[in-house]
Amino acid sequence: MSRKKFTTIDAADRLMRSMEVAINNMIDEVKKPVDPEITGSARKAELTSIKQTATDCKELIVERQRLEQ
C-alpha cells in the first residue's frame, strides 16, 4: 500500500478547508441566543464566551486569508 507523498501545498489546502469548517462552527456558536433564564455572573460569563469566540473567529479568518495569499 503506497502512501501519498506529503506536500506543503496539500497540507495548506487541508488546513484551509479545516479552518473553513472551524470558522463556520464558530459563527454558529456566536449566533446562538443567550439563555434569558440566566442572570448575573453566569450571564456575563456567557457573553464573555461569545465575545471570545467572535474574536477567535476573526483571527482565524485573518490567518486563513494570509494562507490563501
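Keep in mind that this is a model prediction, so the values were computed, not measured.

Asker: Give a detailed account of the overall build of the protein, specifying residues and quantitative values.
Answerer: On a plain count of helices and strands, the protein comes out with two helices and zero strands. Taken over C-alpha atoms, the radius of gyration comes to 17 Å for the protein, far larger than the 11 Å a tight globule of 69 residues would show. In terms of overall dimensions, the protein has C-alpha extents of about 55 × 30 × 15 Å along its principal axes. Long-range contacts, defined as pairs at least 24 residues apart, comprise 67% of the intrachain contacts of the protein with a sequence gap of at least 6. Looking at the protein as shown, the accessible area adds up to about 6,000 Å², and 54% of this sits on carbon and sulfur atoms. Distance between charge centroids for the protein: 6 Å, based on 13 positive and 12 negative side chains.

Asker: Lay out the packing of helix α1 (residues 8-31) against helix α2 (residues 40-68) in plain terms, naming residues and giving numbers.
Answerer: Running from N to C, α1 and α2 cross one another at 155°; their axes reach a closest spacing of 9 Å. Put simply, α1 runs roughly antiparallel to α2. The interaxial crossing formed by α1 with α2 has left-handed handedness. Facing Ala12, Leu15, Met16, Met19, Glu20, Ala22, Ile23, Met26, Ile27, Glu29 and Val30 of α1, the residues of α2 in contact are Ile50, Thr53, Ala54, Asp56, Cys57, Leu60, Ile61, Glu63, Arg64, Leu67 and Glu68. By residue class, the composition of the contact of α1 with α2 is 15 nonpolar, one polar and six charged.

Asker: Can you explain the pattern of salt bridges? Please cite residues and give values.
Answerer: Throughout the structure, instances matching the rule amount to six salt bridges. Two residues, Glu20 and Arg64, come together in a salt bridge whose shortest N-O distance is 3.7 Å. Here the residue Glu20 occupies a position in helix α1, and Arg64 occupies one in helix α2, the gap between them amounting to 44 residues. A relative accessible area of 41% means that Glu20 is categorised as partly exposed. Since its relative accessible area comes to 16%, Arg64 is described here as buried. For Glu63, the salt bridge is made with Arg66, and the minimal N-O distance between the two is 2.6 Å. Note that Glu63 and Arg66 are positioned in helix α2 at a spacing of three residues, about one turn of the helix.

So, how was this worked out
- Residues numbered from 1 in each chain as written.
- Predicted model: local features only at pLDDT ≥ 70, side-chain atom pairs only at ≥ 80, totals over all residues.
- Heavy atoms only, no water.
- Helix = DSSP H or I, 4+ residues; strand = E, 2+ residues; numbered from the N terminus.
- Rg over C-alpha atoms; globule rule 2.2 N^0.38 Å.
- Contact = heavy atoms within 4.5 Å.
- Areas by Shrake-Rupley, 256 points an atom, 1.4 Å probe, with all protein chains shown as cover.
- Lys, Arg positive; Asp, Glu negative; His and termini not counted.
- Charge placed at Lys NZ, Arg CZ, Asp CG, Glu CD.
- Axes fitted to C-alpha atoms, helices over the stretch in contact; angles between N-to-C directions.
- Parallel < 35°, antiparallel > 145°, perpendicular 65-115°, else oblique.
- Left-handed = near helix turned anticlockwise from the far one by under 90°.
- Nonpolar A, V, L, I, M, F, W, Y, C, P; charged D, E, K, R; others polar.
- Salt bridge = Lys/Arg side-chain N within 4 Å of Asp/Glu carboxyl O.
- Buried < 20%, exposed > 50% of the residue type's maximum accessible area, 1.4 Å probe, protein only.

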